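# Structural overview for review
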Amino acid sequence: FVVLDPRKVKLVISLPDGLIYDYYFDKDKLAWRHWTDMMPSFQIDPEITTDILSVVVPTVESIRTGYLLELLVTHDQNVLLVGPTGTGKTVNVKDLLNRLPKGKYSSIFLNFSSQTTANQIQDQIDSKLMRIPNTEIDGGANNTRGLIFIDDLNMPETEKYGAQPPIELLRQLSNQRGWYDRKTRNFKSIEGLGFIGAMQAKGRSPITSRYLSHYNVISVMNFQDEDLETIFNKLMDVYLQNFQAPVRLSSNQIVQGSIKIYRTMLEEMLPTPTRYHYTFNLRDLSMIFQGILSVSPNHVTRRDQFIRVWVHECRRVFQDRLINDEDRNFFENSMREILKNILGENYDSILPPFLAFADFLGDAGNDRPYLEISNLNDLREILQQRVDEFHTAVSSSNTLILFDYAVQHATRISRILRQPAGHALLMGLPGSGREALTRLATFLNEYKIFTVEIKKSYGIFEWREDLRKLMRQAGIENSPTVFLLKDFQIVNDNFLEDVNNLLNNGDVPNLFQLEELKPILTDMVPIARENGRQSDRQSLYNFFIERCKKNIHVVYCASTAGDNLRNSLRKFPSLVNCCTIDWFDEWPRDALEAVGKVSFFRMESSSHIVEACLEIHSSVIEMSRKFHRDTKKRFFVSPASYLRFVETFKFLLNSKKSEIQISQQRYKLGIEKLLSTAETVKHMQTTLQELQPQLLQTSAETQEILISIDFENQEAAVARNFILEEEKIAHKNAMEAQEIKKECEFQLETVLPVLKESEEALKVLNRNDVYEIKSLKSPPQGVKLVMEAVCILMGHKPLQVETSIPGSKIFSYWKSAKKMLGEINFLQSLLDFDKDAVSPAVVQKLQPYIGNPEFVPKKIRKVSQAATSLCLWVRAIEKYYHVSEAVKPKRAALKRAEEDLAEFHRNLQEKKQALTLIEEKIGALTDRYQEMLTKKKNLEDQVEKCQVQLEIAKKLIGGLSGEKERWLDSAKELIGRVKTIVGDVLLSSSIISYLGPYTSLYRSEIISSWIKLMDSKEISFSKEFQLENVFSDPLIIRNWHLLGLPTDRGSVENGIMIYRSNLKFNLMLDPQGQANAWIKKMESKKNLVTMTFSDADVIRKLENSVRFGHAVLIEDLTDGDSLKLIYPLILNPVTKVRGIPMVTVGDSQVELHDDFKLFITTKQDVEISPNISSKINLLNFDVTMEGLEDQLLGIVVTEERPDLQEEKLKLQVENSQKKMELKKIEDEILEAMATAQGNFLENESLISKLNEAKRASSEIRIFLEKSEKTEQKIDETRKQYSPISRTVSHLFFCVKDLSLVDPMYQYSIEFFIQLFRTSIADSEKNGKFRKTAGISRQPLRSSTFPRNFDLAFRKTQNFIRLHVVHPSSS
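Residues numbered from 1 in each chain as written. Predicted model: local features only at pLDDT ≥ 70, side-chain atom pairs only at ≥ 80, totals over all residues. Heavy atoms only, no water.

What follows concerns the overall build of the chain. Across its full length, the chain carries 48 helices and 28 strands. Relative to its full complement of 1370 residues, the chain shows a buried share of 48%. Taking as baseline every contact in the chain between residues at least 6 positions apart, the subset at least 24 positions apart corresponds to 76%. Total accessible area on the chain stands at roughly 68,800 Å², and carbon and sulfur atoms take up 50% of it. (Helix = DSSP H or I, 4+ residues; strand = E, 2+ residues; numbered from the N terminus. Buried < 20%, exposed > 50% of the residue type's maximum accessible area, 1.4 Å probe, protein only. Contact = heavy atoms within 4.5 Å. Areas by Shrake-Rupley, 256 points an atom, 1.4 Å probe, with all protein chains shown as cover.)

Okay, structure coming up:
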């Protein structure tokens, strides 16, 4: 603002031409100037800036708004920008806040939604404020002026008194400069704050004028087409500067065409209750150009290529959110006109039948080109390769089938995720493949995926903790991450509040506490420095949020069923404004067909089966719409329902085939056993005739062998006695020889120590000792004596040697001794010397030496130690000789005794060998005798056994002859079932998968159409098809009826659906409580656990039941929200841990027992989410005319003929028990015969068991024949009362239909039955049935009419009078 003093300045300023809004006043030049004079040049680096939404292109409107905004803010004025979505309000404010001096201003960003609360706003602002130094006042950070920017200011909903608590809190802050601290309850002063607001002008809650008075309001107008052309032409000029000339020259036309299609969609495709997401803004227009600028100059070089890119992006932005073909055709026709009128191109010639762009066609990496694909088959093949890699990477047990529908949506989602701040809102019914395709698209973009797991206690604390993990992963690790969120995971609206903030700003207010934020900022310091960013606290956090916004891609999978999504989009507009919408239709026929072909490719006539499945699914969709029109009750038929149908068909087909094969095998084995038994009888008769002669011959041979054995035993006894006498003599001779040996050894023991001592002395000597003696030239006398004695023993003769007298020679041993000493093995030869071979002559020669007093060891030791050892040896040898000579006669006697003994032993051994031969012969004869005895005994046993088995076989064949005929008939019947099994199971699977929620009337109608379909598709099935004939047993159904299941066909089908479905969860619509009572009786013996959702220990009971296989009955479900308590159990898939199936119950992983079943009953029409409906059996147990008629017949017979009814019930129970016993006996017979090994006639326990079973079977059959005749007579009598039960049943349905007139008219079956009993009691009792039957109708009508009439609204009384008193059905 400028202030001029009129006394000093004379100012004359003329007003410009045109509107005053087109000019601003230049205070420096004191002149009016056009806004275009202030417009800066537009510059941007297209290589760096890839997010077109972050680019600000200056226009007159943005310059004008920015100028006024800055002028007011810098003069401490509050500003409120009001205008439509996409007009740049938020961008202008953020641009200003970025330009303001950081040391003077700080900013706080708030984003309002419908769920924003006052406490949230207070906490968010308090967390950003700091204490002003030396005061008790809070203010902006670092003593700056805090500017609070509030986006979508008018979003918070009004409370019941019309106020908006967040707005009122801000008004208090503006008026009172502070607020009360909620913890201390003291007033907290706050100064130095300014406010900038932005909001739409309409469509939101009105803001109180008291708060608006604090703002300067600036209206931001919608961009005119000229402004939009300016903006996007500038953008295109910058981004297309490297493209070829044909592309650049087409830019202006593309911009015009984009604006035209945007305006067309904005004006023609208006939001409606079913098209609530048809809201378009300038963000959508920007996203067209964001996609266009994704292509590379190297791949788009021609004008036609550029146009195809543009058409493709227009389709993705606008067409993908359209909900039906009518709207899509409108869009295509609009594009056709734009191509013709603006671009001058023919739609059909420039566009191929299929058009897509994707960046996953080439190698993985960051720089992947955005390429055109004009052939769907090529795209499918490329994507299939990536799908195979995806399955390998994630190790998924589920196979992703790439039909055309899935290929297109996967490509669309991948395109969204690759864009900056690319978020997706995937709208459709559950089971349409949104999650699976998102995971595939995430894999294609090489991103990480993040999701939350809902448990019992999952609340805002757990949600915030998951968000913190997500933001750390995206902000610190810099990992591009897809945040996959499903609508059933939104258990609290605050979840979407945080998602709304995440989409808008990339931040969740107050998500991180101070102690949690410190480690994040610490981790961000090196990252910020590496990227050239400042490292102060606020800059680090802003950089962290910037990385989060860049890396987090939110994908929200929302169900279009019900009003939840519409309400969410109204409360949280960022789900539409910041997300690219992809609408998932019902699966087209080719998608369903592709799933069927993959599932049934191994079956015969698979093409016909697939076609039948498609027709069945389509007919159910049509029937559900008709049912909704007729009853206002909606049951969703989604692709998940079709997948369940396919899985159920496969499961039941395999189950039924296995069941039939087992039955066939048992009957086959039973019949074969009977036939083989008959053959065995013939064989045994022949065998018995052959065995008799063999037995006689064996007896004679055995007697002959016995005689031979006696003769041989006598000879053996004689030989054995002779050998015993000889052994005694041998023993005596051996003892005598032993005595002689001992005497010899005793005498020798006196000399052996001396001999051993000498040998030890020799061992001590070594070569040096020998050399010492040898080297003596003149040996001492003692040495000579020793060596001479050694030479004599060793046999060395003396040699002549010359003496001192010339010519004189003498004999001397010394030379011979030296020669002997020189031998290498001299010492060893002494040790090896044969002392027993010494001759008497040698000993005689030694005597002079032995007697020489000088030849003793003591004296020899004085001259030579070595000679001493030799002396000891010589003397020991001499001594040994004399001792040995003394014992020589005894040795000779010992030798003779030993030789005689050996000869005696040889003779004795020969005798023994002869005895052995005799004994072996006796043994052989004995063995032969035993063999013959065994053979004789075996023959006798075989004869006896044949006789016994012949008798048993005759009785068994005669007794089981009737069973044989029945088994043959049953086997033939099973062969017929095999031919029709596919058609029967297909029809049964259709009923079990689809028809549970519908009433009998609708079931009968559609089943009839399916039967015609089977004929047209040439699929064999039973001509008299009934579900109970295929997948149940009459005995089981009869038992169900006895336990309280109504007798009508619909109730029987419901029972089969419960116990033959592969699902463990059952939700039963049970207005009359019949299903509840039946389940209690059915599961009473299986530890049934009964509870309600209001019980405090529901989760604990569920955990125990899941773990131990107990059935659970949850009664009186009142609303669909109560089911959220068990969402984790129903919706989370079964996982396997070390091969053990695990499910989530509450917050725990629990082992799933195979016997566990869950039953939920409700008496109300509860709206069930499509997420749940495809995971459970929905069963309609509403009373039917047929079932009620049978129930009322029982009541009237009980009242009129209690004896008859009692006998009827007694017979039913007995018949059911007996038939079950009969079936059990037949199964036992077949099982016993099938498992019998070999000839079962030899198994006495088996034969006994079969005879007992046959006897019991005969008795039961006789009883059943009598009881069935009695029951028929009783039924004939009961039929006389049928007119009463039929009339009363019609009357109940007349009364029941009054609820269609007004919901107040509700009547329970219990009330009506009590009324019926009262009317019977009031009837005239004259003993005649016809009179009673005639008067029972009138009292009931008389009783029913006043009760309904007195409680009726006046406007409906006449209708009730006609409807109840004169029902057409009566």
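Every buried residue of helix α36 (residues 1034-1042) is accounted for by L1035, I1037 and W1040. One or two residues past the end of α36 sits G1044, with phi positive at roughly 115 degrees.

On to a nonpolar patch on the surface, then. A cluster of nonpolar side chains, namely L15, L19, I20 and Y21, defines an oily patch on the protein surface of about 480 Å² accessible area. By the secondary structure assignment, L15 is in the segment before β1 (23-26). (Patch = residues over 30% accessible without salt bridge, like charges linked within 9 Å, V, L, I, M, F, W, Y side chains within 5 Å. Salt bridge = Lys/Arg side-chain N within 4 Å of Asp/Glu carboxyl O.)

Okay, the sheet that holds strand β3 (residues 79-82) next. In spatial order, the strands read β4-β7-β10-β3-β11; together these five strands make up an open sheet with parallel pairing. Edge positions in the sheet fall to β4 (105-111) and β11 (216-219), since each of these pairs with one other strand and no more. Between one strand axis and the next, the sheet turns by 15 degrees as a mean value, whatever way the strands run. Taken together, the six bridges between strand β7 (residues 145-151) and strand β10 (residues 193-199) define a ladder with parallel strand orientation. Counted as the bridge partner of I148 is F195 from β10. Along the sheet, helix α3 (residues 118-128) makes contact with β4 and β7, crossing β4 at roughly 160 degrees. (Pairing = 2+ DSSP bridges. Axes fitted to C-alpha atoms, helices over the stretch in contact; angles between N-to-C directions.)

Structurally, the position occupied by D585 is in the loop between β18 (580-583) and α22 (589-600). When the C-alpha atoms of D585 and L322 are compared, they prove to be 9.5 Å apart, with 263 residues separating the residues in sequence. For D585, the residues in contact, after removing those within four places along its chain, are I323, R328 and Y405. Within the structure, the side chain of D585 is placed 3.0 Å from the side chain of W583, a separation counted as a polar contact. (Polar contact = N/O pair within 3.5 Å; in protein donor to acceptor, adjacent residues only side chain to side chain.)

In this fold, T411 is placed in helix α14 (residues 404-418). Assessed through its relative accessible area of 6%, T411 is described here as buried. Excluding its chain neighbours within four sequence positions, the residues that come into contact with T411 are F357, A358, F360 and L379.

Turning our eyes to something else, we now look at the nonpolar core. With 127 residues, the main nonpolar core has L995 and L1158 as its most contacted residues. The leading source of residues in this core is helix α23 (residues 606-631), at 10 residues. Listed in part, the 103 residues of the second largest apolar core include V238, Y276, M287 and Y458. (Core = buried A, V, L, I, M, F, W, Y, C linked by side-chain atoms within 4.5 Å.)

Among the secondary structure elements, L592 is positioned in helix α22. Here L592 falls in the buried class, since its relative accessible area comes to 4%. In this structure the C-alpha to C-alpha distance between L592 and V610, which are 18 residues apart in sequence, comes to 8.5 Å. In contact with L592, other than residues within four places in its own chain, are W587, L614, H617 and Y642.

Within the chain, R185 stands out as a residue other than glycine whose phi angle is a positive 60 degrees. Within the element layout of this structure, R185 appears in the loop between β8 (178-180) and β9 (187-189). Look at R185 and you get exposed, because its relative accessible area is 70%. Non-glycine residue A421 carries a positive phi angle of around 50 degrees. Looking at the secondary structure, you find A421 in the loop between α14 and β14 (424-428).

Before going further, it helps to examine the sheet that holds strand β26 (residues 1148-1151). As summarised here, the arrangement of the three strands in space is β24-β25-β26, forming an open sheet in which the pairing is antiparallel. Edge positions in the sheet fall to β24 (1135-1137) and β26, since each of these pairs with one other strand and no more. Neighbouring strand axes in the sheet, compared pairwise and without regard to direction, differ in orientation by 50 degrees on average. The pairing of β24 with strand β25 (residues 1140-1145) spans three bridges and is antiparallel. By the bridge assignment, K1136 is partnered in β25 with P1141. Relative to β26, helix α39 (residues 1098-1108) is tilted by about 30 degrees, and along the sheet it contacts β25 and β26.

Mean pLDDT for the chain: 79, with 75% of residues reaching 70 or above. Every residue in residues 1325-1337 is under pLDDT 50, and counting partners more than four places away or in other chains gives 18 contacts. (pLDDT = per-residue confidence, 0-100.)

Counted under the stated rule, the structure contains 33 aromatic pairs. For the pair Y24 and Y67, a centre-to-centre distance of 5.8 Å together with 50 degrees between the ring planes defines the contact as tilted. With Y24 in strand β1 and Y67 in helix α1 (residues 60-73), this pair connects stretches of sequence that are 43 residues apart. You can call Y24 buried: its relative accessible area is 11%. With relative accessibility at 27%, the residue Y67 sits in the partly exposed group. (Phe/Tyr/Trp six-rings, centres within 6.5 Å; stacked < 30°, edge-to-face > 60°.)

It is worth spelling out the packing of helix α27 (residues 781-794) against helix α30 (residues 840-851) at this point. Relative orientation of the contacting elements α27 and α30 amounts to 175 degrees, with a least axis distance of 9 Å. Accordingly, the angle class assigned to the pair α27 and α30 is roughly antiparallel. Two secondary-structure elements touch here, α27 through L785, E788, A789, I792 and L793 and α30 through V842, K845, L846 and Y849. Considered class by class, the residues forming the contact of α27 with α30 number seven nonpolar, no polar and two charged. (Parallel < 35°, antiparallel > 145°, perpendicular 65-115°, else oblique. Nonpolar A, V, L, I, M, F, W, Y, C, P; charged D, E, K, R; others polar.)

The residue N233 is located in helix α6 (residues 225-239) in this model. Overall, the relative accessible area of 17% leaves N233 in the buried class.

Relative to each other, α23 and helix α34 (residues 1000-1016) sit at 160 degrees, their axes nearing to 11 Å. Put simply, α23 runs roughly antiparallel to α34. At the point where α23 passes α34, the crossing takes the right-handed sense. Here A612, E615, I616, S619, V620, M623, K626, F627, D630 and T631 of α23 come into contact with α34, specifically with Y1002, E1005, I1006, W1010, L1013 and M1014. Classifying every residue of the contact of α23 with α34 by side-chain character gives 10 nonpolar, two polar and four charged. (Left-handed = near helix turned anticlockwise from the far one by under 90°.)

Turning our attention to α39. Among the residues of α39, V1098, I1099, L1102, E1103, S1105 and V1106 are the ones counted as buried. At its buried positions, α39 is contacted by β22 (1089-1092), β23 (1111-1115), α40 (1127-1131), β25, β26 and β27 (1157-1162). Following α39 by one or two positions, G1109 has its phi on the positive side, about 80 degrees.

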